[in-house]
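Spelled out from the first residue to the last, the chains are:
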Amino acid sequence: MYRSIKNYDPDIYKFIRLEKERQNRFLELIASENFASPRVLAAMATPLNNKYAEGYPYKRYYGGCEYVDEIESICIDRVKKLFGAEHANVQPHSGTSANMAVYFAFLKPGDKLMGMDLTSGGHLSHGHPVSSSGRDFDVIRYGVSRENELLDYDEIFSIAEREKPKIIICGASAYPRFIDFKKFREIADSVGAILMADVAHTAGLIAAGIHPSPVPYCDVVTFTTHKTMRGPRGGIILCKEQYAKKIDKAVFPGVQGGPFMHVIAAKAIAFKEALDPSFTEYQKQVVKNCKELANELQKEGFRLVSGGTDIHLAQIDVKVKGLTGKLAEEILEEAGITVNKNTIPFDTEKPFIASGIRIGTPAVTTRGMKEKEMRKIAQFMIEVLANPDSEEIRYAIRKEVEDMCSAFPIYSDLLS
Ligand SMILES: *Cc1c(COP(=O)(O)O)cnc(C)c1O
């Protein structure tokens, strides 16, 4: 299969191959990335790609859907079982697309939407001005407390009471702590708001039962399937039965056309993997690894936002070491360690510079790395960040990173 790309289009093949090798050679600490299994990848390179299936299983606008109907039904059943949800829509093309559909279902232009602000750890699609969610709705923001960088539920309650938003979003891209969904439910109830959780980051932990579940408390739950869920790129919406029709109509024809049946098949396979007990063990190791890595950095004098982490990601304040997030990201990359710069709460730097980096352990844990490797990675990072002017140290560390990665290979049989 890959040979046909190589023979026909060597220009593209070359870069696919180089990207695979980059993933193999580097330590991937970007919290939102992971390595989907080869069978998940394989499902996407099938003739399912060719099928138009607008509509939902057994109610389509196209003929020839008898097999894709079965695939989508299995996918829906598995994700409902995994999360104990009443209804699931498995068609969103991405996390952002899932969120847009929820807004389309419940809001009219100009309605009030309340979400966490970006610098505190929220996501662009929760009402940031550069996103359509920020243009079309009247956005109310909440953040974290200046004192301890944690969500301040009393403050969120008083903002909600004052503003009476139509929808409240909980969930974040860079909040290292558990979220109290029950508290959010109480707040939403007291102002009559729809409660939506966007657990794009923590869905895998929730599926494994090691993070509190939003499903019992929220009207709607959205997430991505490619982060801790370790599946194909895509989104999911779970909701209470009473909103099922509304949500389905909002996804199609509201904000999307034909579903990606090849991706839905890949989602179904990823959910089968997630229903296996080994997935719980994996997620537990992800969190153990993150705590180990974050603690080692903290011991060296880096500051952890909120003082620690409960989940698969941590936010590291590098300003306390005289660095910016941008510089830290660049020099770590040269040493073979991929992270992303990230603003920290009340950051005085612009997002493009930022005072922090976000680290996450889902990808390195998929490779089989454990606490011992985390301690080594922390040492690599500490050395690189302590010597921002030393190219020599970066090259030396890069060699060590490559040695370590070759002991935990990924995708070794693909494209070889
Ligand atoms: C990653 C993320 C998304 C967006 O997912 P895309 O698939 O990139 O659109 C949405 N919400 C949160 C909280 C995220 O972390």
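Just so it is clear, the structure is predicted and the values come from calculations on it, not from any experiment. (Residues numbered from 1 in each chain as written. Predicted model: local features only at pLDDT ≥ 70, side-chain atom pairs only at ≥ 80, totals over all residues. Heavy atoms only, no water.)

What follows deals with the overall build of the chain. From N to C terminus, the chain includes 16 helices and 15 strands. Against the globule reference of 22 Å for 416 residues, the chain gives a C-alpha radius of gyration of 22 Å, in line with a compact fold. Projected onto its principal axes, the C-alpha positions of the chain cover 60 × 60 × 40 Å. A total of 416 residues make up the chain; the buried ones form 56% of that total. Within the chain, contacts between residues separated by at least 24 positions form 72% of all contacts whose residues are at least 6 apart in sequence. Surface summary for the chain: the accessible area is close to 18,100 Å², and the carbon and sulfur share equals 52%. Computed over 54 positive and 55 negative side-chain charges, the separation of the two mean positions in the chain equals 3 Å. (Helix = DSSP H or I, 4+ residues; strand = E, 2+ residues; numbered from the N terminus. Rg over C-alpha atoms; globule rule 2.2 N^0.38 Å. Buried < 20%, exposed > 50% of the residue type's maximum accessible area, 1.4 Å probe, protein only. Contact = heavy atoms within 4.5 Å. Areas by Shrake-Rupley, 256 points an atom, 1.4 Å probe, with all protein chains shown as cover. Lys, Arg positive; Asp, Glu negative; His and termini not counted. Charge placed at Lys NZ, Arg CZ, Asp CG, Glu CD.)

Further remarks concern the sheet that holds strand E7 (residues 167-170). If you trace the seven strands from one edge of the open sheet to the other, you get E4-E10-E9-E8-E7-E5-E6, paired in mixed fashion. Two strands close off the open sheet at either side, each with one partner strand: strand E4 (87-89) and strand E6 (138-142). Recorded for the sheet is a direction-independent mean angle of 20 degrees between the axes of neighbouring strands. Of the pairings in the sheet, the one linking strand E5 (residues 112-116) to E7 comprises two bridges and is parallel in character. Counterpart to Leu113 in the pairing with E7 is Ile167. Its contacts with the sheet put helix H4 (residues 66-83) on E4, strand E9 (220-224) and strand E10 (235-239), and the angle it makes with E4 is roughly 125 degrees. (Pairing = 2+ DSSP bridges. Axes fitted to C-alpha atoms, helices over the stretch in contact; angles between N-to-C directions.)

Surveying the vicinity of the ligand reveals 13 residues, the closest of which are Gly95, Thr96, Ser173, Asp198 and Lys227. Thr96 places a side-chain nitrogen or oxygen 2.7 Å from an oxygen atom of the ligand. Here Ser173 contributes a side-chain N or O atom positioned 2.8 Å from an oxygen atom of the ligand. Within the complex, the protein chains bury 86% of what would otherwise be the 380 Å² of accessible surface of the ligand. The greatest single-element share of the shell around the ligand, amounting to three residues, is contributed by helix H5 (residues 95-106). Classifying every residue of the shell around the ligand by side-chain character gives two nonpolar, nine polar and two charged. (Near = heavy atom within 4 Å. Polar contact = N/O pair within 3.5 Å; in protein donor to acceptor, adjacent residues only side chain to side chain. Nonpolar A, V, L, I, M, F, W, Y, C, P; charged D, E, K, R; others polar.)

With that settled, the discussion passes to the nonpolar core. Counting residues in each nonpolar core, the largest one holds 54 residues, and the members touching the most others are Phe83, Leu151, Ile168, Phe184, Met229 and Leu238. In terms of residues, this core owes the most to one element, H4, which gives six residues. Residues in contact with Ile168, not counting those within four places in the same chain, are Met114, Ala160, Phe184, Ile187, Ala188, Val191, Ala193, Ile194, Leu195 and Met196. The next biggest cluster of nonpolar side chains, apart from the first, holds 35 residues, and it includes Leu27, Leu297, Phe302 and Leu385. (Core = buried A, V, L, I, M, F, W, Y, C linked by side-chain atoms within 4.5 Å.)

The next thing to look at is the packing of aromatic side chains. All told, the structure shown has nine aromatic pairs when counted by the stated rule. Ring centres 6.0 Å apart and planes at 90 degrees place the aromatic pair Phe35 and Tyr411 in the edge-to-face group. Residue Phe35 is found in the loop between strand E1 (27-28) and helix H3 (38-44), and its partner Tyr411 is found in the segment after helix H16 (391-406); the two are separated by 376 residues along the sequence. The pair Phe35 / Tyr411 is uniform in exposure class, with both members buried. Seen in terms of ring centroids, Tyr103 and Phe137 are 5.8 Å apart; in terms of plane orientation they differ by 70 degrees. Their pairing is edge-to-face. With Tyr103 in helix H5 and Phe137 in the loop between helix H6 (132-136) and E6, the pair connects residues that are 34 residues apart, well separated along the chain. Across the pair, exposure class does not vary: Tyr103 and Phe137 are buried alike. (Phe/Tyr/Trp six-rings, centres within 6.5 Å; stacked < 30°, edge-to-face > 60°.)

As for its position among the elements, Arg230 is in the loop between E9 and E10. Although Arg230 is buried, it makes no salt bridge; Glu273 carries the closest opposite charge, 5.0 Å away. (Salt bridge = Lys/Arg side-chain N within 4 Å of Asp/Glu carboxyl O.)

Turning to the domain arrangement of the chain, a few remarks are in order. Taken domain by domain, the chain holds domain 1 (42-274) and domain 2 (280-406). Between the C-alpha centres of domain 1 and domain 2 the distance comes to 28 Å. Opposite the 23 residues of domain 1 that make contact, domain 2 presents 26 residues. Carbon and sulfur atoms make up 58% of the area that domain 1 and domain 2 hide from each other, which totals about 2,200 Å². The interface formed by domain 1 and domain 2 holds two salt bridges in total. A salt bridge links Glu149 to Arg303, with the nearest nitrogen and oxygen atoms 2.9 Å apart. On inspection of domain 1 and its partner domain 2, the count reaches 12 residue pairs in polar contact (both at pLDDT 80 or more). Here the side of domain 1 that touches domain 2 is composed, by residue class, of 10 nonpolar, nine polar and four charged. (Domains from an automatic or database assignment. Buried area = accessible area lost by both parts, 1.4 Å probe.)

The next point concerns the sheet that holds strand E14 (residues 340-342). Pairing within the open sheet is antiparallel, and its four strands lie in the order E11-E12-E15-E14. One side of each edge strand has no neighbouring strand; the edge strands of this open sheet are strand E11 (303-304) and E14. Alignment of E14 against strand E15 (residues 356-360), held across three bridges, turns out to be antiparallel. When the bridges of E15 are listed, Asn340 appears paired with Arg358. Here helix H13 (residues 325-334) sits on the sheet in contact with E14 and E15, set at roughly 45 degrees to E15.

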